[in-house]
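Per-entry structural report
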There are 2 protein chains.
Amino acid sequence: MELETITENQKVKAAKKIKKMFGHIDYRNPPEVCPIRHIMSLATDKWSILILLNLGFFPSLRFNRLKRYVYGISAKVLSERLKNLEMDGYISRTIYPEVPIRVEYELTDFGQSFLMRILDMAEWSEKYSERIIENRQRYLSKN
Amino acid sequence: MELETITENQKVKAAKKIKKMFGHIDYRNPPEVCPIRHIMSLATDKWSILILLNLGFFPSLRFNRLKRYVYGISAKVLSERLKNLEMDGYISRTIYPEVPIRVEYELTDFGQSFLMRILDMAEWSEKYSERIIENRQRYLSKN
DNA sequence: TTTGGTAGTTTCTTTTAGTAACTTGCTTTA
DNA sequence: TAAAGCAAGTTACTAAAAGAAACTACCAAA
């Protein structure tokens, strides 16, 4: 798996983007509304991403089914993450007062838009996962 | 800030990508080498992302300077994250046996390639951060 | 001989995550 | 008329991880 070529030009562009994003923040002071700390990190943890991917695959999912699909997640953490994702507007929660009660979670259009970026990153991770596993083995055998 | 239009077609494409990525994994069994769990999640936590962004801005950084720039990180966690990022091949660590000792961290080309995806996501987060904050306030005032 | 600087590590406390049992509201079964 | 069942969580408890602060090793300069 050949890595894309990284040019000096790309590095300069990346640095400019970072400067634009963080330039107004004084490094010596606590960041106020940092897009990484206060926005992105709430939705890019392992469980949130797996939840969003499942909701990107199925049109809608109920609590227990989601719990089965996101293998290994506890009801407690699933409940917390769903609340966060709903709070930030990525997903919607609809209650159907049937018996027994039915609650459906699904991606909003906003969540779908975010999922596109998740997917880009996930595809990159999948593409280079073998390489990363090799890197790890090399590192671990040296250290 | 107008949201991009999400079409049914986009949703179908996203679902296909997800299926391709996870299709081989049986939902009833523990995932083996899941690109999200075992690759991506090691580099997409809050601190790792802030480290990578700083190394994308400065050509290289030493431990204590990085600690100052990544505001709020403890030496312990910084040290752990740098080891992980080095292990997976995103950054390099070079020791200069001067007095006092000098250790320089910098992005590898592989890390730079990953940083591009981080940046795409960070730019999305920044673009819609106001909207997310509004979502939060609306949610919190209702609940 | 004390002070200083770098790059961490160690110890201890607090926060977060994980496990398993429990709750609520109503239905079906024995 | 209990008893058991189901869905969607919550609660109480334990384990793991993060954070704070002190400490270490190396040598140099004052």
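The structure reproduced in this document is the subject of the present report.

Focus on the sheet that holds strand β2 (residues 91–96) of chain B
Residue and element names in this part refer to chain B. Strand order across the open sheet formed by three strands is β1-β3-β2, with antiparallel pairing between neighbours. Two strands close off the open sheet at either side, each with one partner strand: β1 (61–62) and β2. Strand contacts of helix α5 (residues 75–87): β2 and β3 (102–107), with the helix running at about 110° to β2, the strand carrying the most contacts.

Quick notes on the protein's contact with DNA strand D
Taken together, 16 residues are adjacent to DNA strand D, and Arg 62, Ser 79, Pro 100 and Val 103 of chain A together with Val 99 of chain B come closest. Counting only elements with at least two residues in the surface near DNA strand D, the list comes to α4 (63–69), α5 (75–87) and β3 (102–107) of chain A together with α5 of chain B. Residues that form the surface near DNA strand D fall into these classes: nine nonpolar, three polar and four charged.

Thoughts on the interface of chain A and chain B
The interface of chain A with chain B comprises 57 residues on the first partner and 57 residues on the second. Where the side of chain A that touches chain B is concerned, the elements lending two or more residues are α1 (8–22), α2 (35–39), α3 (46–57), α4, α5, α6 (109–127) and α7 (129–142) of chain A. Element by element, the count of residues in the side of chain A that touches chain B is highest for α6 of chain A, at 16 residues. Across the side of chain A that touches chain B, the residue classes break down as 31 nonpolar, 10 polar and 16 charged.

Considerations on the protein's contact with DNA strand C
Neighbouring DNA strand C are 16 residues, the closest being Ser 74 of chain A together with Arg 62, Ser 79, Pro 100 and Val 103 of chain B. Secondary-structure elements contributing two or more residues to the surface near DNA strand C are α5 of chain A together with α4 (63–69), α5 and β3 of chain B. Residues of the surface near DNA strand C, tallied by class, amount to nine nonpolar, three polar and four charged.

A word on the relation of the copies chain A and chain B
Once chain A has been moved 0.0 Å along the axis and rotated by 180°, it coincides with chain B to within an RMSD of 0.0 Å. Taken together, the turn and the small shift mark the pair as related by a two-fold rotation axis. The share of interface residues of chain A whose copies in chain B are also at the interface is 100%, consistent with both copies meeting through the same surface.

What to know about α6 of chain A
Here α6 of chain A is 19 residues long and its end C-alpha atoms lie 27 Å apart, about the 27 Å a rise of 1.5 Å per residue gives. Within the sequence span of α6 of chain A, burial applies to Phe 110, Gly 111, Gln 112, Phe 114, Leu 115, Ile 118, Met 121, Ala 122, Trp 124 and Ser 125 of chain A.

Each value, and the rule that gives it
Residues numbered from 1 in each chain as written. Chains lettered and ligands numbered in written order. Predicted model: local features only at pLDDT ≥ 70, side-chain atom pairs only at ≥ 80, totals over all residues. Pairing = 2+ DSSP bridges. Helix = DSSP H or I, 4+ residues; strand = E, 2+ residues; numbered from the N terminus. Contact = placed C-beta atoms within 7 Å. Axes fitted to C-alpha atoms, helices over the stretch in contact; angles between N-to-C directions. Near = placed C-beta within 6 Å. Nonpolar A, V, L, I, M, F, W, Y, C, P; charged D, E, K, R; others polar. Least-squares fit on C-alpha atoms with pLDDT ≥ 70 in both. Expected span 1.5 Å × (residues − 1). Buried ≥ 20, exposed ≤ 12 C-beta atoms within 10 Å, placed from the backbone.

That's the geometry; what it means functionally is another story.
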